[in-house]
Amino acid sequence: MNRQLTQASSASPLATHEPMLDTRHGPILYLEDVSVSFDGFKALNQLSLYITTGELRCLIGPNGAGKTTLMDVITGKTRPDSGAVFFGQRIDLLKLDEPAIAQAGICRKFQKPSVFEALTVFENLELALHTNKNPWHSLFFRLTPQQRERIDEVLTTIGLRKHSQHFAGILSHGQKQWLEIGMLLMQEPKVMLVDEPIAGMTQQEIERTAELLLSLQGQQTIVVVEHDMAFIRTIADKVTVLHEGAVLTEGTMDEIHKDPRVIQVYLGAAC
Ligand SMILES: Nc1ncnc2c1ncn2[C@@H]1O[C@H](COP(=O)(O)OP(=O)(O)O)[C@@H](O)[C@H]1O
Ligand SMILES: [Mg+2]
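Draft legend 1. Structural detail: the site of ligand 1. In the vicinity of ligand 1, the contacting residues are Phe38, Ala43, Gly61, Asn63, Gly64, Ala65, Gly66, Lys67, Thr68 and Thr69. If you tally residues by element for the shell around ligand 1, the top one is helix H1 (residues 67-74), at three residues. For the shell around ligand 1, the per-class residue count stands at three nonpolar, six polar and one charged.

Draft legend 2. Representation of the packing of helix H5 (residues 145-157) against helix H6 (residues 173-186) within the structure. Here H5 crosses H6 at 145°, and the two axes come no closer than 10 Å. As for how H5 packs across H6, the hand of that crossing is right-handed. Seen from H5, the contacting residues are Arg150, Val154 and Thr157; seen from H6, they are Gly182, Leu185 and Met186.

Draft legend 3. Main features of H5. With 13 residues, H5 extends 18 Å from end C-alpha to end C-alpha; this agrees with the ideal 18 Å at 1.5 Å per step. The positive-phi residue at the C-terminal boundary of H5 is Gly159, with phi of around 70°.

Draft legend 4. Structural context of helix H7 (residues 203-216). Between the first and last C-alpha of H7 there are 20 Å, a value that for 14 residues agrees with the 20 Å anticipated at 1.5 Å per step. Of the residues one or two after H7, Gly218 is the one with positive phi, at around 95°.

Draft legend 5. Representation of the sheet that holds strand S5 (residues 91-92) within the structure. If you walk across this open sheet you meet the four strands as S2-S1-S4-S5, and the pairing is antiparallel. Each end of this open sheet is capped by a strand with a single partner; those strands are strand S2 (41-51) and S5. Two strands pair when backbone bridges link them, and strand S4 (residues 82-87) and S5 are joined in this way by two bridges, in the antiparallel orientation. Bridging from a neighbouring strand, Phe86 pairs with Asp92 of S5. Relative to the sheet, H1 contacts strand S1 (29-38), S2 and S4, its axis offset from that of S2 by approximately 65°.

About the criteria used
Residues numbered from 1 in each chain as written. Chains lettered and ligands numbered in written order. Predicted model: local features only at pLDDT ≥ 70, side-chain atom pairs only at ≥ 80, totals over all residues. Near = placed C-beta within 6 Å. Helix = DSSP H or I, 4+ residues; strand = E, 2+ residues; numbered from the N terminus. Nonpolar A, V, L, I, M, F, W, Y, C, P; charged D, E, K, R; others polar. Axes fitted to C-alpha atoms, helices over the stretch in contact; angles between N-to-C directions. Left-handed = near helix turned anticlockwise from the far one by under 90°. Contact = placed C-beta atoms within 7 Å. Expected span 1.5 Å × (residues − 1). Pairing = 2+ DSSP bridges.

Have a look at this one:
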């Protein structure tokens, strides 16, 4: 079953309070004419962006283009001056605060991995299931067979099955990043925002990360911000190029690579 298409169900402890995510007639993320100013400087300038359910969207753009600000707006960290930001058709993200947006199913992975190094890989995934993030609480919690199965599934997805009983502290940088992606997956997010996932990785780890993200394509809506063009080329279906706080162009990697405006503002400098 496509988990992404599952609506908030009665099984969810939040079901009675959570607005329904409705993606039947349009995008899962809808941003229209969003502007953000910092002391008069427009970090986002009437930006519009539409993300479809199950998509693996790559966001690129030169430094200062507004990529981080865009993620901050989606996750509720920054409030826009104007514009609309919807999650599905019904959930107005501008009416929710940061924790409520996370609870509604928009998860963000920051650049630096933040796993619990003194716990095993398995325990880290187990901890991600709980709303009470105290590790001691987790140690006395009994997993249901379904939860065990889910951890198993995620261990396979992130390629860490044989490390499940190892302490997270001894994992390589790349393995820690995959574990953190796994911890997000445990929460069954409806949208995952991933900021520069391959920074500091070895070539082999980069290839494995590409495989991991591609394996989630279609089941999990993911927005990746990344600078590494070779990596983007491997994973990208649709690429959005940001420039001066707005969308410069969108398309396949080949399309945007040929676009003279992109070459001028971004690729020209990067290649
Ligand atoms: N909190 C802030 N205060 C002032 N200016 C900011 C703030 N955050 C971002 N900016 C500015 O907004 C622009 C866009 O920043 P950012 O979204 O971080 O770009 P990117 O992630 O694409 O490099 C930059 O010029 C940056 O200096
Ligand atoms: Mg940034």
